[in-house]
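Structural characterization, general
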Amino acid sequence: MSLSLGHDALRNRCQTLAKRIADDLATRQLTTGHFEQPDFYAKAFAVNLWTRIDPVKFVPNIDRALDALKSEPRNKTYHREFIEYALLDTPGLSSENITDILRGTKQQCPDVANWQMLGLINRQKRKAGLTAKLLNHAHFGFILLRYWRAPVFMDRPDCFSAQYHAFCTALLSDSPNKRHQRTANRATKILAQLAGTHGFANLLGRGAGQSFGAACALYVLLKAGYRDEAGAILHRLEDAVLNAGELPLNLLAPAPLPENPGPENPQTPGWYSYNRHDDYLAFAGYWLLKASQLPAPKHIRSPASETASNKIVTQFSSSYYHAQMTLCGRQNFDVSGTPVIVSGQGKSARIFLPPTGGEQDAPSLYDEASQPLPAIGETEFARFLGARQISDNKIDVSFELAGIVGQRTIELQNARVIITDQVPGHEPGKVDLFRILIDGNIGLTQIAEDTIICPELGIKLTASTPLDMIPQAKFSAAGPATRISAKTGQGNCATLTISWGGSDA
């Protein structure tokens, strides 16, 4: 397939998805101009999407949404940066109309990379004078100093999220500023490495598996010429639509939207307290439509390097599996005690060890027990302290449990992952070691005290001590998860080996 034909096929598929989302948003819009579920910025991005796709067909929806935007409460939750970004990029929308909508609102300017970039891009679009240019130059310098740790953008200082790295990269890639584009080009390669052949682009950190991060990654990869990786992400988006009936908020657990979606509803894993379905639907549609309008790149990029790591993110890939892990972070959704593991290649690849942890600022499906680290019963749970890469394929994790510091070593081999837990000073048999979470949609069979197999994926788990398997014990970002743990009869150390391709699996 030629470069242009392959690119056109991907663009057409992106456009089909974007049109599907535009139609879904029109159906979900109420006569008041608002949507069925509360939203922060969905109306603004829906106006943009409807205007770009068919301003005549969607004129009633556009007019209702603009009227609703003008009556939006100007309170502390008003997402001015997002709303202004969408409106400034909407063809034919007058500056008077935008000013009327934004009148009386304030910039939020939180200490988060994507919000800071939205503010920068908005100012860049509003003002072109020398003072504005100098201010923009200084603001971008602050953003780089605060959040850029080449080749990744931090979500918040010292916290990485693949989703928000993709968002930041898309914002800069779409900017006409050459310096912004050069930085985006440097940030794009790691997205290709994270997506690989399997197409799960945002498995690490806050917002793991959510739709708009995947759409942002698709946009920048297609623009940069990573056609295979972009195609793999597009397949995941299309597959989620097929399974859910519409683009779901969380691609890892696609399901029809329930009446009361949210982080407390077991039918909506992968949601945090601030998520809004229509926000993410409109935002994903925005980037999908932009992807459909990209010109063919001058060159097709070679597949990303199989193994690439830095002080923030570690990765390992083989013909059997792909492992990713963040080495720093502040909250449970920033880090994981075990790597996220995708088993297999291409479209048939499956998540085996899913992203874990979630929103802790409000009640949710996630709690301390969802963190895959040792614990004492269901009352005392280990706290992640830090992680470091010892070598190309070995990671050391430190954690604290009941006042004692423990250690976990993770060794990534071609067809095996070896996890060793050590918690010195505790009474033997008291601590539950490992407590790793496995995607609950995958069938597991315990064939011996120390052995569990997964015939579907050809995986075997063996341990140096008896294993305890509890189906649907906790939630991961991919839904209910099976928990594997072990108690040491004597001593305070145990080893778990996950192997692929063995005759017993």
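Just above, that's the structure.
Residues numbered from 1 in each chain as written. Predicted model: local features only at pLDDT ≥ 70, side-chain atom pairs only at ≥ 80, totals over all residues. Heavy atoms only, no water.

**Considering the overall build of the protein**
We apply this condition: Only DSSP runs of H or I covering at least 4 residues are called helices, and only runs of E covering at least 2 are called strands; the numbering of each starts at the N terminus. Here the globule rule is a power law, 2.2 Å times the number of residues to the power 0.38, and the radius of gyration is based on C-alpha atoms. Whether a residue is buried, partly exposed or exposed follows from its accessible area with a 1.4 Å probe, protein chains only, as a fraction of its type maximum: under 20%, in between, or over 50%, in that order. Whether two residues touch is decided by their heavy atoms; if any such pair falls within 4.5 Å, the residues are in contact. We treat Lys and Arg as the positive residues and Asp and Glu as the negative residues; His and chain ends play no part in the count. In plain terms, the charge of a residue is placed at NZ if it is Lys, CZ if Arg, CG if Asp and CD if Glu.
The helix and strand inventory of the protein stands at 12 helices and 20 strands. The C-alpha radius of gyration of the protein comes to 23 Å, within 12% of the 23 Å expected for a compact globule of 505 residues. Summarising its shape, the C-alpha atoms of the protein cover approximately 75 × 50 × 45 Å along the three principal directions. The 505 residues of the protein split such that 60% are buried. Taking the intrachain contacts of the protein between residues at least 6 apart in sequence as the baseline, contacts between residues at least 24 apart amount to 66%. Between the averaged position of the 51 positive side-chain charges in the protein and that of its 48 negative side-chain charges there is a distance of 9 Å.

**Brief notes about the pairing of strand β10 (residues 383-391)**
The condition that has to hold: One requirement defines pairing of two strands: DSSP has to find at least two bridges between them.
By the bridge criterion, 7 bridges tie β10 to strand β11 (residues 394-401) in an arrangement that is antiparallel. Counted as the bridge partner of alanine 387 is valine 397 from β11. In sequence, β10 turns back onto β11 through a hairpin of 2 residues.

**Side note on the packing of helix α8 (residues 162-174) against helix α9 (residues 178-195)**
Test applied: What counts as an axis is a line fitted to C-alpha atoms, over the stretch in contact for a helix, and the angles between N-to-C directions run from 0 to 180 degrees. In a left-handed crossing the near helix is turned counterclockwise from the far helix by less than a right angle, and in a right-handed crossing that turn is clockwise. Gly counts as polar in this scheme, as do all residues outside two lists: the nonpolar Ala, Val, Leu, Ile, Met, Phe, Trp, Tyr, Cys and Pro, and the charged Asp, Glu, Lys and Arg.
Packing of α8 against α9 brings their axes to within 8 Å, and their N-to-C directions diverge by 145°. When the axes of α8 and α9 are compared, the crossing they make is left-handed. On α9, the residues touching Ala162, His165, Ala166, Thr169, Leu172 and Ser173 of α8 are His180, Gln181, Thr183, Ala184, Ala187, Thr188, Ile190, Leu191 and Leu194. For the contact of α8 with α9, the per-class residue count stands at 8 nonpolar, 7 polar and no charged.

**Side note on the sheet that holds strand β17 (residues 459-463)**
The strand order across the open sheet formed by 8 strands is β10-β11-β12-β13-β20-β17-β16-β15, and the pairing between neighbours is antiparallel. A single partner strand is all that each edge strand has here, and the edge strands are β10 and β15 (445-448). Taken pair by pair, the neighbouring strands of this sheet meet at an average axis angle of 20°, ignoring direction. As paired strands, β11 and strand β12 (residues 404-412) are joined by 8 bridges and run antiparallel to one another. Within the sheet, the bridge partner assigned to isoleucine 395 lies in β12 and is isoleucine 410.

**Comments concerning the side chain of threonine 314**
What counts here: Pairs of N or O atoms are called polar contacts if they sit within 3.5 Å, as long as, within protein, a hydrogen donor faces a hydrogen acceptor (for residues adjacent in sequence, only side-chain-to-side-chain pairs).
Residue position: threonine 314 is located in strand β4 (residues 313-317). A distance of 2.9 Å separates a polar atom in the side chain of threonine 314 from a polar atom in the side chain of glutamine 389.

**Concerning the environment of lysine 394**
Among the structural elements, lysine 394 can be located in strand β11. Of the residues examined, lysine 394 reaches a relative accessible area of 27% and is grouped as partly exposed. Once residues lying within four places of it in the same chain are set aside, the contact partners of lysine 394 are Arg388, Gln389, Thr409, Ile410 and Glu411.

**Describing the environment of valine 397**
Mapping valine 397 onto the fold places it in strand β11. Residue classification places valine 397 among the buried residues on the basis of a relative accessible area of 0%. Each residue touching valine 397, except ones within four places of it in the same chain, is listed here: Met325, Gly337, Phe384, Gly386, Ala387, Gly406, Gln407, Arg408 and Ile410.

**Things to note about the nonpolar core**
Generally speaking, a soluble globular protein has its nonpolar side chains buried in company with each other. As a reminder, the rule being used: As used here, the term nonpolar core means buried Ala, Val, Leu, Ile, Met, Phe, Trp, Tyr and Cys residues forming a set that is joined through side-chain atoms within 4.5 Å.
With 92 residues, the main nonpolar core has Trp50 and Trp287 as its most contacted residues. Residue contributions to this core peak at 11 residues, all from helix α10 (residues 211-224). Non-local contacts of tryptophan 287, meaning those with residues more than four positions away in its chain, are made with Tyr85, Ala170, Leu171, Asp174, Ala215, Cys216 and Tyr219. If you look at the next biggest cluster of nonpolar residues, it comprises 44 residues, including Val335, Ile410, Ile442 and Leu461.

**Side note on the pattern of salt bridges**
The following threshold applies: A pairing counts as a salt bridge when a side-chain nitrogen of Lys or Arg comes within 4 Å of a carboxyl oxygen of Asp or Glu.
Under the defined criterion, the tally for this structure stands at 29 salt bridges. For aspartate 155, the salt bridge goes to arginine 206, with nearest N and O atoms at 2.7 Å. Here aspartate 155 is found in strand β2 (residues 152-156), whereas its partner arginine 206 is found in the loop between α9 and α10, with 51 residues between them in sequence. For the pair aspartate 155 and arginine 206, a shared accessibility class is recorded, and that class is buried. Arginine 408 is paired through a salt bridge with aspartate 421; the nearest N and O atoms lie 2.7 Å apart. Separated by 13 residues along the polypeptide, arginine 408 in strand β12 and aspartate 421 in strand β13 (residues 416-422) bring together distant segments of the chain. As far as the burial class goes, arginine 408 and aspartate 421 line up, both buried.

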